[in-house]
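So you can see what is in the structure, the chains are spelled out below.
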Amino acid sequence: MPTLLIIHHTPSPFMQAMFEAVLSGATDPEIEGVEVVRRAALAVSPADVLSADGYLLGSPANLGYMSGALKHAFDIVYYPCLDSTRGRPFGLYLHGNEGTEGAERGVTSITTGLGWAKAAAYVAVSGKPGKDDLRACWELGATVAAQLMG
Ligand SMILES: Cc1cc2nc3c(=O)[nH]c(=O)nc-3n(C[C@H](O)[C@H](O)[C@H](O)COP(=O)(O)O)c2cc1C
């Protein structure tokens with residue numbers, strides 16, 4: 001069964017709400033035959049990434065970049081996964097209160113190096129996630145999961 005791996009750093013209630021919306025989209029009953037696995041970014045291993053078929057990445061913007069936790073995940077998996085995960089789809093959601101551009105650039109640069117395929121528009125939320133923001137998170141999860149359906 002294809003596996004979708006959610007690699008997330010979730011340090012606050014607003015980010016928890018976004019994570020739950022993404023997870024809810026990815027595990028919607030209409031999406032059949034896709035196993036969804038989630039890992040905190042600080043706990044992810046190369047084996048988790050190698051054994052998945054697509055990825056959802058979630059992070060706050062911190063100090064103008066992705067969180068250290070998500071960067072740590074990339075640091076751990078980058079070379080072990082290079083050339084074995086090329087072409088796999090990924091999605092990204094970010095939360096930031098002062099701008100997420102640097103985090104977006106960083107993730108784009110690393111995923112380009114890995115050869116991953118951007119499967120949906122990035123979702124970036126500022127402040128308290130509203131209904132439309134959570135809907136966009138849900139859509140992100142559902143869109144990436146749907147691409148893994150046989
Ligand atoms: C050390 C630190 C640096 C941060 N830097 C940024 C930043 O560069 N850009 C930004 O949009 N938000 C920044 N933030 C805000 C976080 O993105 C925000 O705390 C996170 O998305 C969770 O949102 P919440 O605290 O409102 O729930 C920073 C937060 C911390 C603790």
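Residues numbered from 1 in each chain as written. Predicted model: local features only at pLDDT ≥ 70, side-chain atom pairs only at ≥ 80, totals over all residues. Heavy atoms only, no water.

Caption draft 1: Representation of helix 4 (residues 101–114) in the model. Helix length check: helix 4 (14 residues) gives 20 Å between terminal C-alpha atoms against 20 Å at 1.5 Å per residue, within 8%. Every buried residue of helix 4 is listed here: Gly102, Ala103, Gly106, Val107, Ile110, Thr111 and Leu114. The buried residues of helix 4 all sit within an arc of 155° when viewed along its axis, so they share a single face. Summarising the geometry of helix 4, the exposed residues directed more than 90 degrees from the buried face are Arg105, Ser109 and Thr112. (Helix = DSSP H or I, 4+ residues; strand = E, 2+ residues; numbered from the N terminus. Expected span 1.5 Å × (residues − 1). Buried < 20%, exposed > 50% of the residue type's maximum accessible area, 1.4 Å probe, protein only. Arc of directions from axis to C-beta.)

Caption draft 2: Representation of the environment of Phe19 within the structure. Residue placement: Phe19 occurs in helix 1 (residues 13–26). Residue Phe19 is classed as buried on the basis of its relative accessible area of 6%. The spacing of Phe19 and Thr108 is 89 residues in sequence and 20 Å in space, taken between C-alpha atoms. Among all residues touching Phe19, those that are not within four sequence positions of it are Ile6, His8, Thr10, Arg38 and Tyr93. (Contact = heavy atoms within 4.5 Å.)

Caption draft 3: Inspection of the pattern of salt bridges at higher detail. Under the definition given, this model contains four salt bridges. For the salt bridge of Asp48 with Arg39, the shortest nitrogen-to-oxygen distance reads 3.1 Å. Given the relative accessible area of 14%, Asp48 is considered buried. Classification of Arg39 as partly exposed rests on a relative accessible area of 31%. In this structure, Arg135 engages Glu139 in a salt bridge whose closest nitrogen and oxygen atoms are separated by 3.1 Å. Separated by four residues within a single helix, Arg135 and Glu139 lie in helix 5 (residues 131–146), roughly one turn from each other. Residue Glu139 is classed as partly exposed on the basis of its relative accessible area, which comes to 34%. (Salt bridge = Lys/Arg side-chain N within 4 Å of Asp/Glu carboxyl O.)

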